[in-house]
Amino acid sequence: GGLFASMPQAMVSGLFCVMFGIIAAVGLSQMQHTDQNSPRNIFILGFGLYSGLSIPYWFTTYQATNSAGLIATKDVDANNILNAIF
C-alpha cells in the first residue's frame, strides 16, 4: 500500500493505461479463434464495444445535467441505494 501511495499520479495513470491496454489486447487476441465472417459474431462484438463505450458516458452526462441519479424517488436512502446499483 505504501509503495503505491508514494508514486506520483502521472506514473499511476500511466500504469493504468498500460494495464488496461494489455487486458484489451489479450481480449481481442481471443477473437482469432472465432469466425469473423459470421454476422452474429460481428454483431455481438460491435454491440459489446458500443455499449461499453457509450453507456458510461450517457450515465455521466445524465447525472451532470440533472444533478441527480437515474432513479429519483422521494426517499433519499432508496435513491442512494438504487443509484449505486445502476
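Residues numbered from 1 in each chain as written. Predicted model: local features only at pLDDT ≥ 70, side-chain atom pairs only at ≥ 80, totals over all residues. Heavy atoms only, no water.

J.: Which residues make up the overall build of the protein chain, and what values go with them?
T.: On a plain count of helices and strands, the protein chain comes out with four helices and zero strands. Along the chain direction, N to C, the helices and strands of the protein chain fall in the order α-α-α-α. Expected size for 86 residues packed as a compact globule is a radius of gyration near 12 Å; at 19 Å, the protein chain overshoots this value by more than 25%. Taken along the three principal axes of its C-alpha coordinates, the protein chain extends 50 × 45 × 20 Å. Among the 86 residues that make up the protein chain, the fraction classed as buried is 8%. (Helix = DSSP H or I, 4+ residues; strand = E, 2+ residues; numbered from the N terminus. Rg over C-alpha atoms; globule rule 2.2 N^0.38 Å. Buried < 20%, exposed > 50% of the residue type's maximum accessible area, 1.4 Å probe, protein only.)

J.: So what's going on with the environment of Asn41? Which residues, and what values?
T.: Its location among the elements puts Asn41 in helix H3 (residues 39-66). The sequence separation of Asn41 and Met31 amounts to ten residues, and the corresponding C-alpha distance is 9.6 Å. In contact with Asn41, other than residues within four places in its own chain, are Thr34 and Asp35. A polar side-chain atom of Asn41 sits 3.0 Å from the main-chain carbonyl oxygen of Asp35. (Contact = heavy atoms within 4.5 Å. Polar contact = N/O pair within 3.5 Å; in protein donor to acceptor, adjacent residues only side chain to side chain.)

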